[in-house]
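As a plain string of letters, each chain reads:
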Amino acid sequence: MSELITITTPLRWFKGHEESITAVAVFPDKRRMVTGSYDTTLRLWDLKTGVALKKMEGHYNCQVWSLAVSRDGQLIASGDQGGEVIVWHGETGELPAKIKAHSNLISSLDFSPDGTVLATGSFDRMTKLWNTKTWQLQGDLIECGDYVNWVRYSPSGELLAIATNHYIQIYNSGIRKRVVSFNGHKSYNLSLAWTPDGTRLLTGGDGRDPTIREWDTTTWKQIGDPWTGHTDDIQAIAIHPAGTLVASTSRDSHTRLWQLSDRQTIAVFKHSLANLCVTFSVDGNHIFSGGNDEMISEWTTIATTTVRDACIDGDLSTDEELLMQDINTDPNNHTPYILAITTSRIACVNGDLTTAEELLTQDINTSPNNHTSYAHRTFVMARKYDWDRAFLDAIKSIRIQPSLTGYISKGIALCGKGRVLDARAAFDVASMYTDQDSEITHFLLLIKAIALFNADQHDEANLLLKELAAGCSNADTLACGIVQAYLHVQLGIKASDGARYDEAADHFTAAIDSSDLLPKSDIHEIYEDLVVLFGWDLKSLWFTAHQKCCHALLRAGKLQDAAKRYQHIIVSSDKITNADCLDWSNGESRVHFKKECSALCAVHGDAAFAANDYDKAIDLYSTAVDLDSTSDVIANRSQAKLSKMLWEDALLDAQKVTELNPLSHVGYQLTHAALRGAQRYDEAIEAFTIMLSKLDDAPEPHIRDLRQLYVSPSEVEDAIQTAVWIELEYAPLRLLNTSTGLLCDRAAQLNSFKTSSDYNELVSFPTEDLNLRTERIKDVVATYFRCVLLSHRWEETEALLHDIQDKDVRELKEVGGIAKVQSFCKVARDAGYRWAWMDTCCIDKRSNTELQESVNSMFVWYRHSALTIVYLSDVPPSSQSGALARSVWNKRGWTFQEFVAPKVVIFYQKDWSLYLDDRSSNHKESSEIMKELEGATGVDARALISFRPGMRDAREKLQWASKRVTTMQEDIAYSLFGIFGVHLPVIYGEKKQNALGRLLQEIVARSGDITALDWVGQSSEFNSCLPADIISYATPPSLSEDNIQTAIYALQNNVPVDSASKLYNLLENMNAPLFANCRLRLPCIAFRVTEVKRRQGLAAHSTYGVKADGLRDLLITTDETLIQFSRARPTQQTFFLIRPWDRRLLGLPDFSEQLTFSDKGESVGDWSESESGLDDTDEPSSDSPGEEELSVDPEAHSRSLRLMVHLGQAFSALLVAQQRVGEYKRVASDRNIIAQVKDPASIDIMNIRTLDIL
């Protein structure tokens, strides 16, 4: 062995830190190293190239004092002088966690063997244990009572050793209980380390006791004398992975290598300055140390150095001796060396066959009778495929001395020559020289199987291997697996060469699976005989099988399998130091494979996406991305994930696209879609805005043109605002927010919408389709502002606006009307509605403007409500059918429009349970409930369900409302504004007759429908043709029609054609009624009263017998006192019985479908004195239409006769009395005045008039 020397020149240096290096650690992958420094940084190094992979910054302004790497290499922990621990990702160097662990500098760190706990020791005199999943303190801290200099877990993790200034403390790591404490060194204890078997603990002292002491971990007694050699503080101790060597480093600038067995120094490595840290490489062949020289020095261990020196000196015997020593002491060596090759072994292993041949030839020349040298040269010749020379050497070896080696060489040579039968015999004879050693026999059979395989006896070789693995109890299964794998690789290569890629892939897969093959670099050394005999490259066997399998799978079209295999290579190669594997995974061939496989996966992914097979598309895109991360493929995967509504996954891809191509709009477009799907609308709008800017700034014209396909968020907001105002046009001014319990005015409603996810979702909706976007906006706006209205009977105590304004109604006391509001809001909210309205508290009755708008809009509000809830406070729970009909709700004036206006209505009983427990979505669709209401209200069920507001059928609508009552007398009219579709001023205090008069005046004026004049009762002060009370309409209209055709036939021969036509034309040209300023200008057929005589009787009302020209005699009952007169005793005052002219008798379209009187341009202001109503002396003008000669066809004549039939029927007449010239006033009657003409043919133009009635 070489004499001990001080080595001053390392193999190389790792330079880059700017201040002293305080800590160093290597990764289990054997490829990387990490260092920490006073310069506040960590650096990650590539051990193969010596290049710094990453500068890790995070300990700002704090020196790094300690670091540790977890056993699996996934975590790095570093501690600084400020007491902070940073945890880094072992692969990427990213910073996932920071911990303020201590109040003073952290001197030492160590991960538990299972990686679940990190121990930290500090100058704050404490040791703490941290959970590596949560990074929370695990259990109680350990009070050490002194500066902590070093902490280390035992190999089992059961014990934790702590070196403090004055004591070595040993703790049970699980329960934090101290096992033992002892002084250790004479002065300070600075460092410590466990042997791999845990039986020894080594400690290092300071400059006053610069020794290493060895402690028995069972007795905690010192073993032997202290190890001497250092002259200053021993800063760190490291132990060889095999437990045979110890390295220590000191401020004396030396790193010493010790033999653990005899505690002797075997090498000294000198630094230029004080040394602070040291560690072994994973394989133990190198030492890394550094300190104040600001660099890490790499040294080879003494054994490697000696072998290297022996090789350089040409001392092959020493070389062989050392290698054999390593092999014999290698615990992983499973195979005996049955081939005792000496001088040529290294050359054979290295593939230098020429040198090997020369060395063996030299041996033969030196010792011609050395049978082993001939056998060994056979192996070299066989590897050179010189089968004849190989066979001759084998024969010579056996002739000199038959041996195991000789017959093996003969068997191999015969197989090479194709003489398989002879080869089998040679191997059989070889078995006689194994001394019945099962391991040697087993290995001989492996050699035989390989030789047969090389002779193309594949089936026989595989069968032998299977039998050997299965039938031999002492079989080396790993060796069998390796041989099987190697042979499958060869078969796979042949299949690939023949373009049989599926077959090749199967062989390569079988090679990988044959023995659970692992990427272990030491296989080459363990089975070195196979390398020597056959030239196998076992170092790259694992890699070759996988690499070839990747290519075969790719060519076979099994893209994802190929990619998975490739990824397995990459991941697993991080754990080995196989140069070939690393070269391929980083080289040109790997790039070509990746790009080709990735491109094919992307193409197949596009096809799957087009077929809506999104799962398959995602898988294929993912494979492509894993191989070659291009922005286009990631974008396509994001699209596929969007189609699957995997919003968060799609977002990650979108963000990656943006990182790869920040100038493109695509990443932002995908980001917008993903965020919008995830309902993160604010972020989505921001991404969309950036996308638009990217389109605007794009250099390519066709990309800029895409901008035209989108509208900006501001444009969308304008469209939304328009839609909102249109929607709210038909909504109440104030609404209750059922979610917040607050009463909201218009501004608050708008603000609620603008801050909602619905609004942001709309703004983030980028479609270029104008119609689709508009419809979408309308739908969302309509849904958001859906409102529930309440119909109910006001009770004694109701919540008014001031009771709830600026208050959360949910929090108010449940008293009086508040309880009703709360229950109503809850029912609405539970039904899924955000907004609710009720008339008691949602109208500011102090504001005349708001009151006016509310009264006039109420029908429209109910009409457009999503739901109207009818609350029946007088209908007890569990009521039976009929309770609704008896409810006071049916008698109230306002509830008439509140029921007929909405399309959807639901009835609730007193306890807010459903009426009749009817759980249908609309009680208007319940035949039982509608039938009950029809009977209660007298309104046809069809009208209740499909009510049409307006002037049409005005008399019938007045009859429906005639029996309803209101608290405020004016409301009897105001509650009907919506029924008739009129908009009039609301003037509380004007009294009922005026309010009703204004309504009826508007009906007659706008529609021309004079059926509103058909009533019985008291005349209104507003106008004598109108009733004083709506109850006057309770009596149904008196007119009826029957037997029209019979009457027409009877008149055909009795009425001249021209007479009937003239009358029809004259009435057709009559103007519609004009009603304004309490004055009714009424077209009519007037019959002059010629006699009025009172009948005797005790009735409360006066009854008069009345005669009129052209009418049959009739009776009139009235409260008024009439002047009695006759032809014999005439009066100056003129009376008429008039039939208001109803244009419907002409058979023309409905009046409500005609232009109103005002539409024709005439108004009250257009009236003149000359146009005032005619008195009894008026004569028709000679140029009236009735004087024209008319040519009437049969159809027109039939129409005229039909009119005369109607005129001949009994009708409800009005009695009017002249007031001043041209002005009349109606005389009210308690009963209908039913009149009938004596002869319809007698009606002529003298009877047709237009009267002004006050």
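Structure: see above.
Residues numbered from 1 in each chain as written. Predicted model: local features only at pLDDT ≥ 70, side-chain atom pairs only at ≥ 80, totals over all residues. Heavy atoms only, no water.

A. Looking closely at the overall build of the protein. Looking only at helices and strands, the protein has 42 helices and 43 strands in total. Summed over its atoms, the accessible surface of the protein is roughly 56,000 Å², and 48% of this surface lies on carbon and sulfur atoms. (Helix = DSSP H or I, 4+ residues; strand = E, 2+ residues; numbered from the N terminus. Areas by Shrake-Rupley, 256 points an atom, 1.4 Å probe, with all protein chains shown as cover.)

B. Region of interest: the sheet that holds strand β4 (residues 32-37). Across the sheet, which stays open at both edges, the four strands sit in the order β3-β4-β5-β6 with antiparallel pairing between neighbours. Across the chains shown, the open sheet's two edge strands, defined by having one partner strand only, are β3 (21-26) and β6 (52-57). The sheet shows a mean angle of 20 degrees between the axes of neighbouring strands, direction not considered. Note that β4 and strand β5 (residues 41-46) share five bridges and pair antiparallel. Counted as the bridge partner of G36 is L42 from β5. (Pairing = 2+ DSSP bridges. Axes fitted to C-alpha atoms, helices over the stretch in contact; angles between N-to-C directions.)

C. Local environment of unusual backbone geometry. Even without being glycine, M645 reaches a positive phi, approximately 60 degrees. One can find M645 in the loop between α20 (631-643) and α21 (647-660). In this structure M645 comes out as exposed when scored by relative accessible area, which is 57%. We note that S878 has phi near 60 degrees; this positive angle belongs to a residue other than glycine. Along the polypeptide, S878 turns up in the loop between β33 (867-871) and α32 (883-886). (Buried < 20%, exposed > 50% of the residue type's maximum accessible area, 1.4 Å probe, protein only.)

D. Region of the structure containing the nonpolar core. Core analysis: the largest hydrophobic core is formed by 122 residues, its most contacted members being I720, L736, W837, F907, F980 and I1138. With seven residues, the single largest contributor to this core is helix α39 (residues 992-1007). Look past the residues within four positions of F907 in its chain and what remains in contact with it is V870, L872, L884, W889, F899, S913, L914, Y915, H923, I929 and L933. Within the second largest apolar cluster, 102 residues are counted, among which are L446, L487, W536 and F543. (Core = buried A, V, L, I, M, F, W, Y, C linked by side-chain atoms within 4.5 Å. Contact = heavy atoms within 4.5 Å.)

E. Seen up close, the side chain of Q852. Here Q852 shows up in helix α31 (residues 848-863). A polar atom in the side chain of Q852 sits 2.5 Å from the backbone oxygen of V986. Other than its neighbours up to four places away in sequence, Q852 contacts L984, P985 and V986. (Polar contact = N/O pair within 3.5 Å; in protein donor to acceptor, adjacent residues only side chain to side chain.)

F. Structural context of helix α8 (residues 420-430). When we look at burial in α8, the residues that qualify are V420, A423, A426, F427 and A430. The arc enclosing the buried residues of α8, seen along the axis, measures out at 115 degrees, which places them on a common side. Buried residues along α8 sit against α7 (404-416) and α9 (438-454). (Arc of directions from axis to C-beta.)

G. Broad picture of the pairing of strand β20 (residues 200-205). Within β20, five of the six residues are buried, leaving the element largely enclosed by the surrounding structure. In terms of strand pairing, strand β19 (residues 189-194) meets β20 through five bridges, oriented antiparallel. By the bridge assignment, N189 is partnered in β20 with G205. Across five bridges, β20 lies against strand β21 (residues 212-216) in antiparallel orientation. Paired with L202 across the bridge in β21 is E214.

H. The packing of aromatic side chains, seen in detail. By the definition in use, this model includes 37 aromatic pairs. With a centroid separation of 6.1 Å and 70 degrees between ring planes, the pair formed by F14 and F288 is classed as edge-to-face. In this pair, F14 sits in strand β2 (residues 12-15) while F288 sits in strand β27 (residues 286-291), placing the two residues 274 residues apart along the sequence. Here F14 falls in the buried class, since its relative accessible area comes to 0%. Overall, F288 belongs to the buried group, its relative accessible area being 2%. Centroid distance Y486 to W536: 3.8 Å. Interplanar angle 5 degrees. Geometry classified as stacked. Of this pair, Y486 sits in helix α11 (residues 477-497) while W536 sits in the loop between α14 (528-534) and α15 (541-555), and the two are 50 residues apart along the sequence. Residue classification places Y486 among the buried positions, given a relative accessible area of 13%. Under the relative-accessibility criterion, W536 is labelled buried at 6%. Cluster of aromatic residues (ring-pair linked, three or more members): F753, Y759, Y784, F785 and W835. One cation-aromatic arrangement involves R208 over Y188; the distance from NZ or CZ to the ring centre is 5.4 Å. (Phe/Tyr/Trp six-rings, centres within 6.5 Å; stacked < 30°, edge-to-face > 60°. Lys NZ or Arg CZ within 6 Å of the ring centre and 35° of its normal.)

I. Fine view of helix α4 (residues 353-366). The terminal C-alpha atoms of α4 lie 20 Å apart, and with 14 residues this matches the ideal 20 Å at 1.5 Å per residue to within 8%. Of the positions making up α4, those classed as buried are L353, A356, E357, L359, L360 and I364. The buried residues of α4 all sit within an arc of 165 degrees when viewed along its axis, so they share a single face. In this structure, α4 carries E358, N365 and T366 as exposed residues pointing more than 90 degrees from its buried face. (Expected span 1.5 Å × (residues − 1).)

J. Structural view of the state of the cysteines. Across all of its chains, the model carries zero disulfides by this definition. Cysteine C825 remains unbridged, with the sulfur of C841 as its closest cysteine sulfur at 7.5 Å. Counting only cysteine sulfurs, C841 is the nearest neighbor of C842, a cysteine outside any disulfide, at a range of 4.0 Å. Judged by relative accessible area, C842 falls into the buried class, the value being 2%. (Disulfide = S-S within 2.5 Å.)

K. Here's a closer look at the packing of α31 against helix α33 (residues 893-900). Closest axis-to-axis distance for the α31/α33 pair is 7 Å, and the angle between their directions is 35 degrees. Across from V855, M858, F859, Y862 and R863 in α31, the residues of α33 making contact are W894, Q897, E898 and V900. Here the contact of α31 with α33 is composed, by residue class, of six nonpolar, one polar and two charged. (Nonpolar A, V, L, I, M, F, W, Y, C, P; charged D, E, K, R; others polar.)

L. Quick peek at the pattern of salt bridges. Under the counting rule described, the total for this entry stands at 52 salt bridges. For the salt bridge of E214 with R263, the shortest nitrogen-to-oxygen distance reads 2.6 Å. You can see E214 sitting in strand β21 and its partner R263 sitting in the loop between β24 (254-259) and β25 (264-270), a full 49 residues away along the chain. What makes E214 buried here is its relative accessible area of 4%. Among the residues examined, R263 registers a relative accessible area of 26% and is labelled partly exposed. (Salt bridge = Lys/Arg side-chain N within 4 Å of Asp/Glu carboxyl O.)

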